[in-house]
Amino acid sequence: MLYKLTLDKLNGSMKILVTGGCGYIGSHTIVDLIQKGYEVISVDNYLNSESEVLQHIKRLTGKDIIAFATDLTNLEETKNIFKAHPDIKGIIHFAALKSVGESTKIPLQYFRNNVGSMLNILECQKEWNIPHFVFSSSCSVYGNPDSLPVTEDTPLKEAESPYARTKQIGEQIIQDFAKANPTLNFILLRYFNPAGIHSSGILKEKAKREVETLVPIIEEVYRGQRDKLIINGGDYPTRDGTCIRDYIHIEDLAEAHTLAIDFLVKNEGQGKLETYNLGTGQGVTILEMIKAMEKVSSTKLNYEIGPKRDGDVIQVFADSTKAKQELGWLPKKGIEDIFNSVL
Ligand SMILES: NC(=O)c1ccc[n+]([C@@H]2O[C@H](COP(=O)([O-])OP(=O)(O)OC[C@H]3O[C@@H](n4cnc5c(N)ncnc54)[C@H](O)[C@@H]3O)[C@@H](O)[C@H]2O)c1
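Note that the coordinates shown come from a computational prediction; the quantities given were computed from them, not determined experimentally.

(A) Molecular detail of helix α8 (residues 214-222). Considered for burial, the residues of α8 that qualify are Leu 214, Val 215, Ile 218, Glu 219 and Tyr 222. Buried residues along α8 cover an arc of 135° about the axis, so they all sit on one side. Structurally, α8 contributes buried residues whose contacts are with β7 (193-195), β8 (229-232), α10 (286-297) and α12 (335-342). Gly 224 occupies a position one or two residues after α8 and carries a positive phi of about 75°.

(B) Representation of the site of the ligand in the model. Around the ligand sit 29 residues, and of these Gly 20, Gly 23, Ser 49, Ala 96 and Ser 138 come closest. Taken together, the elements giving at least two residues each to the shell around the ligand come down to α2 (24-35), α6 (107-127), β5 (132-138) and β7. At three residues, α2 tops the list of elements feeding residues into the shell around the ligand. Looking at the shell around the ligand residue by residue, the classes come out as 13 nonpolar, 13 polar and three charged.

(C) View of the confidence of the model for the protein chain. On average, residues of the protein chain carry a pLDDT of 94, and 97% of them reach 70 or more. Low confidence marks residues 1-6, where pLDDT is under 50. Its contacts with residues over four positions away, or in another chain, come to zero contacts.

(D) Structural context of the packing of α2 against helix α3 (residues 53-61). Viewed as axis vectors pointing N to C, α2 and α3 meet at an angle of 30°, and their least axial separation amounts to 10 Å. Taken as axis vectors, α2 and α3 run roughly parallel relative to one another. Between α2 and α3 lies a crossing of right-handed hand. In contact with Ser 27, Ile 30, Val 31, Ile 34 and Gln 35 of α2, α3 contributes Val 53, Ile 57, Leu 60 and Thr 61.

(E) Examining the environment of Thr 29 more closely. Within the secondary structure, Thr 29 is located in helix α2. Under the C-beta neighbour-count criterion, Thr 29 is labelled buried, with 30 such atoms within 10 Å. When the C-alpha atoms of Thr 29 and Leu 97 are compared, they prove to be 18 Å apart, with 68 residues separating the residues in sequence. Not counting residues up to four positions away in its chain, the partners in contact with Thr 29 are Val 18, Ile 92, Ala 254 and His 257.

(F) How the structure looks around unusual backbone geometry. At the junction of Leu 148 and Pro 149, the peptide bond is cis and its omega measures out at -5° in the coordinates. Assignment of secondary structure puts Pro 149 in the loop between β5 and α7 (162-180). One non-glycine residue, Asn 129, adopts positive backbone phi at about 50°. Looking at where Asn 129 falls in the secondary structure, it is placed in the loop between α6 and β5. One non-glycine residue, Ser 298, lies in positive phi territory at about 50°. Among the secondary structure elements, Ser 298 is positioned in the loop between α10 and β13 (303-306). Assessed through the 6 C-beta atoms surrounding it within 10 Å, Ser 298 is described here as exposed.

(G) Focus on the sheet that holds strand β6 (residues 185-191). An order of β3-β2-β1-β4-β5-β6-β11 is seen for the seven strands of this open sheet, with the pairing classed as parallel. Since the sheet does not close on itself, it has two edges, and those belong to β3 (66-69) and β11 (273-278), each with one partner. Here the strands of the sheet are splayed against their neighbours by 20° on average, with no regard to which way each runs.

(H) Just the nonpolar core, in detail. If you look at the biggest cluster of nonpolar residues, it comprises 90 residues, and the most contacted ones within it are Leu 189, Ala 260 and Leu 278. The dominant element in this core, judged by the number of residues it contributes, is helix α9 (residues 250-266), at nine residues. The residues touching Leu 189, leaving out its near neighbours within four places in the chain, are Val 134, Phe 135, Ser 136, Ser 137, Ala 256, Ala 260, Tyr 276 and Leu 278.

(I) Region of the structure containing the pairing of strand β4 (residues 88-93). Counting buried residues in β4 gives six out of six residues, a clear majority hidden from the surface. Relative to β4, strand β1 (residues 15-19) is paired through five bridges, and the arrangement is parallel. Counted as the bridge partner of Leu 17 is Ile 91 from β4. Pairing of β4 with β5, which is carried by four bridges, proceeds in the parallel orientation. When the sheet's bridge partners are listed, Gly 90 is paired in β5 with His 132.

The rules behind these values
Residues numbered from 1 in each chain as written. Predicted model: local features only at pLDDT ≥ 70, side-chain atom pairs only at ≥ 80, totals over all residues. Buried ≥ 20, exposed ≤ 12 C-beta atoms within 10 Å, placed from the backbone. Helix = DSSP H or I, 4+ residues; strand = E, 2+ residues; numbered from the N terminus. Arc of directions from axis to C-beta. Contact = placed C-beta atoms within 7 Å. Near = placed C-beta within 6 Å. Nonpolar A, V, L, I, M, F, W, Y, C, P; charged D, E, K, R; others polar. pLDDT = per-residue confidence, 0-100. Axes fitted to C-alpha atoms, helices over the stretch in contact; angles between N-to-C directions. Parallel < 35°, antiparallel > 145°, perpendicular 65-115°, else oblique. Left-handed = near helix turned anticlockwise from the far one by under 90°. Pairing = 2+ DSSP bridges. Core = buried A, V, L, I, M, F, W, Y, C linked by C-beta atoms within 7 Å.

Take a look at the structure:
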């Protein structure tokens, strides 16, 4: 209780800038932050989202949020956000292009967008002396790891795609920047595979660019909006030949960001630089995911094995003990919850 009161007091009028705020994870996180008492500003250039998401957030939280339609690769426009709100205390940096397959086709756009926006936002963090920064990293930084589950100390292998490389580079930039700015706080969150939608059904994953994540594709097949699911590769060295991933419910993932900000706020001025895996620890194959949806929906899904996709790692799942111990984060939902949420 005392802890909650202290946090409520700390949260008081604390302003958090959420970049990529209308995207899938950003929008869910904004809802969680507002519900826990933070004040949020969103910035997005709607490269992969719609501004109508702001209305959905309002429906869920009752709050109008300040939103900037800004491309973060433009330094001057990015600075304008901080000029208007010099009292921002934390940044959660989601904004990025995120498709592994697309990144193998247009790598320079991925580097320009993901690395360029990161440099600009860090430059503003320095100029306005913003104490807290949380970065959306990814399990793709581990490449094809030698041992599983991966902990935060598992050595990073060669990135399998330009997208994964942008995340490795992003982490390295933050590490160097943190050394040069020893009073600022940083958390790198390595997400495994976010899936599902908000329990209200109001927020959804509505990507403008090509969808390549499994659960929305399974959902499209279930709804008859897509003929069949093509599984990218069926002869990987896994228990059924398909890739293994660690699927985490979006609401659990969103909450981890609020906990990360809470943690940094409690440690203001300490120069924290921490990395956390966010996964459930359960490795699930693509075929097992299809079966789970078939069970939950009592529907047979149409699928076939197709060619492997450039950039895919074979298997990866998380040891998230550190996030549990240090952030108090405990994922509550499983795969059936993920599918139930999209039905
Ligand atoms: N969804 C996943 O499976 C997953 C897994 C691991 C890591 N991540 C990372 O999490 C973050 C959020 O992912 P998401 O699934 O919400 O993606 P998303 O595409 O739904 O959201 C990203 C948002 O950033 C915006 N954006 C992109 N470039 C921008 C720029 N230059 N300026 C301003 N806005 C910009 C997009 O319009 C979009 O709204 C990304 O950094 C992604 O790489 C996602």
